[in-house]
Amino acid sequence: MRNRTVFITGASSGIGEACANAFAAASARLLLAARRMDRLDEVASRLRTEYDVEVHTIELDVRDVGVVSRVLAELPREWSEIDVLVNNAGLARGFGPVPEGDTRDWDEMMDTNVKGLLYVTRAVLPAMLARDRGHVINISSIAGDEVYPNGVAYCASKAAVDAISYGLRMDIAGSSVRVTNIKPGMVETEFSEVRFHGDRDRAAKVYAGVTPLSAADVADTVFYAASRPPHVNIDEIKLKPVAQATATMVARDSG
Ligand code: NDP
Ligand code: 8X3
């Protein structure tokens, strides 16, 4: 991965930050994006110190198509050839049945998880295709095919990511650009705190009595897919904590 340029969206925390660690440890060059620049700059300076790698940060709200296309078109020349795109930026917002759903939460999830991922992919792919080289890695979820009650809009957004990953391989068939879909189960990050609108106690209960996946576990899987020989496409990987049988069936220690 030495000198490969890896672009990670949502790199200011959780799985995105862990992916940045994994690629930095392999001496990649890192292009990192998020909205919280204070957090992103902390990640960048830590990576430069720990791994002696080049890191470029960009402020990016993936929901804003104008900003996405402008910022990526105006990248400094030395950052414009992206080898690996990790479409990680995403969130769940709210937890409740559809008849009581908050449409603003639905908009935020669809705009980020589905449309934002498409906007970023649209901005990055043409240059990959022109060079006939590249890898798009989408962070979906088990929620894409293990739909659960109270999370229907989030599940639908991840089902869309599954469909995009599947269809993209057809749209670019014949090129050497690879497309991988990663589907994690329960990962302890800021995800649940975001879902529950900042309620930390409620978020902590999601991971109580169980050893969830860590963000590093997912990053390890992303890195595995990215580091196969160029003729190998890892279509999809689903990973869960051992204690998680399905999206809703989790064996917890009572003590
Ligand atoms: P975190 O909340 O820790 O990280 C989410 C990241 O996405 C942050 O860096 C955040 O950065 C970024 N982000 C959110 N909205 C936007 C936006 N509009 N524009 C740009 N960046 C944005 O959660 P995770 O690390 O867990 O989530 C990462 C991905 O993994 C998501 O797609 C999530 O759906 C998926 N996932 C998570 C699982 C879990 O159990 N944790 C399981 C399966 C999949 P900032 O706020 O600074 O913009
Ligand atoms: C996050 C995992 O099971 O909460 O995508 O949907 S889950």
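The rules behind these values
- All chains use their own residue numbering, which begins from 1 and follows the written sequence.
- Working convention: letters from A go to chains and numbers from 1 go to ligands, in the order in which they are written.
- Restriction of local features to residues with pLDDT of at least 70 applies here, the model being predicted, together with a cutoff of 80 or more for giving and counting side-chain atom pairs; totals for whole chains, interfaces and linings are based on all residues.
- The basis for the side-chain values is all heavy atoms of the structure; hydrogens and waters are excluded.
- Counting from the N terminus, the helices are the DSSP runs of H or I reaching at least four residues and the strands are the DSSP runs of E reaching at least two.
- By definition in these notes, contact holds between two residues if any of their heavy atoms fall within 4.5 Å.
- Put simply, a residue is near a molecule or strand once any heavy atom of it comes within 4 Å of that molecule or strand.
- Between N or O atoms, a polar contact is any pair within 3.5 Å; within protein, one atom must be a potential hydrogen donor and the other a potential acceptor, and residues adjacent in sequence are included only when both atoms are from side chains.
- Using a 1.4 Å probe, accessible areas were evaluated by the Shrake-Rupley method; residue-level cover was limited to the displayed protein chains.
- Residues were grouped as follows: Ala, Val, Leu, Ile, Met, Phe, Trp, Tyr, Cys and Pro as nonpolar; Asp, Glu, Lys and Arg as charged; and all remaining residues, including Gly, as polar.
- Here, a strand pair is defined by DSSP locating no fewer than two bridges between the strands.
- Axis definition: a line fitted to C-alpha atoms, limited for helices to the stretch in contact. Angles are taken between N-to-C directions and run from 0 to 180 degrees.
- Orientation is classified from the angle alone, with under 35 degrees giving roughly parallel, over 145 giving roughly antiparallel, 65 to 115 giving roughly perpendicular, and any other angle giving oblique.
- Crossing handedness follows the turn of the near helix against the far one: under a right angle anticlockwise gives a left-handed crossing, and clockwise gives a right-handed one.
- Between 30 and 60 degrees the pair is tilted, below 30 it is stacked and above 60 it is edge-to-face, where a pair is any two Phe, Tyr or Trp rings, Trp via its six-membered ring, whose centres lie within 6.5 Å.
- Note on classification: 1.4 Å probe, protein chains only; a residue is buried when its accessible area is under 20% of the maximum for its type, exposed when over 50%, partly exposed between these limits.
- Definition used: whenever NZ (Lys) or CZ (Arg) falls within 6 Å of the ring centre and also within 35 degrees of the ring normal, the charge is taken to sit over that ring.

Draft legend 1. The environment of Glu59, seen in detail. Its place among the elements puts Glu59 in strand E3 (residues 55-59). Through-space distance from the C-alpha of Glu59 to that of Met37 is 6.2 Å; in sequence the pair is 22 residues apart. Discounting chain neighbours no more than four positions away, the residues touching Glu59 are Ala34, Arg35, Met37 and Val71.

Draft legend 2. Spotlight on the site of ligand 2. Taken together, the residues surrounding ligand 2 are Ser141, Ile142, Ala143, Tyr148, Tyr154, Gly185, Phe191 and Arg195. Contact between ligand 2 and Tyr148: an oxygen atom at 2.6 Å from a side-chain N or O atom of the residue. Tyr154 has a polar side-chain atom sitting 2.6 Å from an oxygen atom of ligand 2. Bound to the protein, ligand 2 loses 84% of the 240 Å² it would expose on its own. Of the residues that constitute the shell around ligand 2, the class distribution is five nonpolar, two polar and one charged.

Draft legend 3. How the structure looks around the sheet that holds strand E1 (residues 5-9). If you walk across this open sheet you meet the seven strands as E3-E2-E1-E4-E5-E6-E7, and the pairing is parallel. The open sheet has two edge strands with one neighbour each: E3 and strand E7 (236-239). Taken over all neighbouring pairs, the strand axes of this sheet differ in orientation by 15° on average, direction set aside. Relative to strand E5 (residues 135-139), strand E4 (residues 84-87) runs parallel, the two being bridged by four bridges. Residue pairing across strands places Val86 opposite Ile137, the latter belonging to E5. Packing of helix H2 (residues 37-51) onto the sheet brings it into contact with strand E2 (29-34) and E3, and relative to E3 it is tilted by some 175°.

Draft legend 4. Focus on the side chain of Ser141. Relative to the elements of secondary structure, Ser141 occurs in the loop between E5 and helix H5 (152-171). Within the local environment of Ser141, its side chain forms a polar contact with the backbone nitrogen of Ala143, the two atoms lying 2.8 Å apart. Here Ser141 is in contact with Tyr154, Lys158, Ile182, Lys183 and Pro184, once residues within four sequence places are set aside.

Draft legend 5. How the structure looks around the packing of helix H4 (residues 103-131) against H5. With their axes 8 Å apart at the nearest point, H4 and H5 run at an angle of 20° to one another. Looking at the two axes, H4 sits roughly parallel to H5. Considering only the axes of H4 and H5, their crossing is right-handed. Along its contact with H4, which presents Trp106, Met109, Met110, Asn113, Val114, Leu117, Leu118, Thr121 and Leu125, the element H5 presents Ala153, Tyr154, Ala156, Ser157, Lys158, Ala160, Val161, Ile164 and Leu168. Broken down by class, the residue content of the contact of H4 with H5 amounts to 14 nonpolar, three polar and one charged.

Draft legend 6. Spotlight on the packing of aromatic side chains. Inspection of the entire model under this criterion finds three aromatic pairs. Ring centres of Phe95 and Phe196 lie 6.1 Å apart, and the angle between their planes is 80°; on these two criteria the pair is classed as edge-to-face. Residue Phe95 is located in the loop between E4 and H4, and its partner Phe196 is located in the loop between helix H6 (191-195) and helix H7 (200-206); the two are separated by 101 residues in the primary sequence. Classification of Phe95 by relative accessible area gives partly exposed; the value is 38%. In this structure Phe196 comes out as buried when scored by relative accessible area, which is 12%. Stacked on the ring of Trp79, the Lys or Arg Arg29 has its end atom at 4.0 Å from the ring centre.

Draft legend 7. Seen up close, the site of ligand 1. Within the structure, ligand 1 sits among 30 residues, and Ser12, Ile15, Arg35, Tyr154 and Thr189 are positioned closest to it. Gly10 places a polar main-chain atom, nitrogen or oxygen, 3.0 Å from an oxygen atom of ligand 1. A distance of 2.9 Å separates a nitrogen atom of ligand 1 from a polar side-chain atom of Asp61. Considering ligand 1 on its own, with 870 Å² of exposed area, one finds that the protein chains cover 95% of that surface. Grouping the amino acids of the shell around ligand 1 by side-chain chemistry returns 13 nonpolar, 11 polar and six charged.

These values are about where atoms sit, not about what they do.
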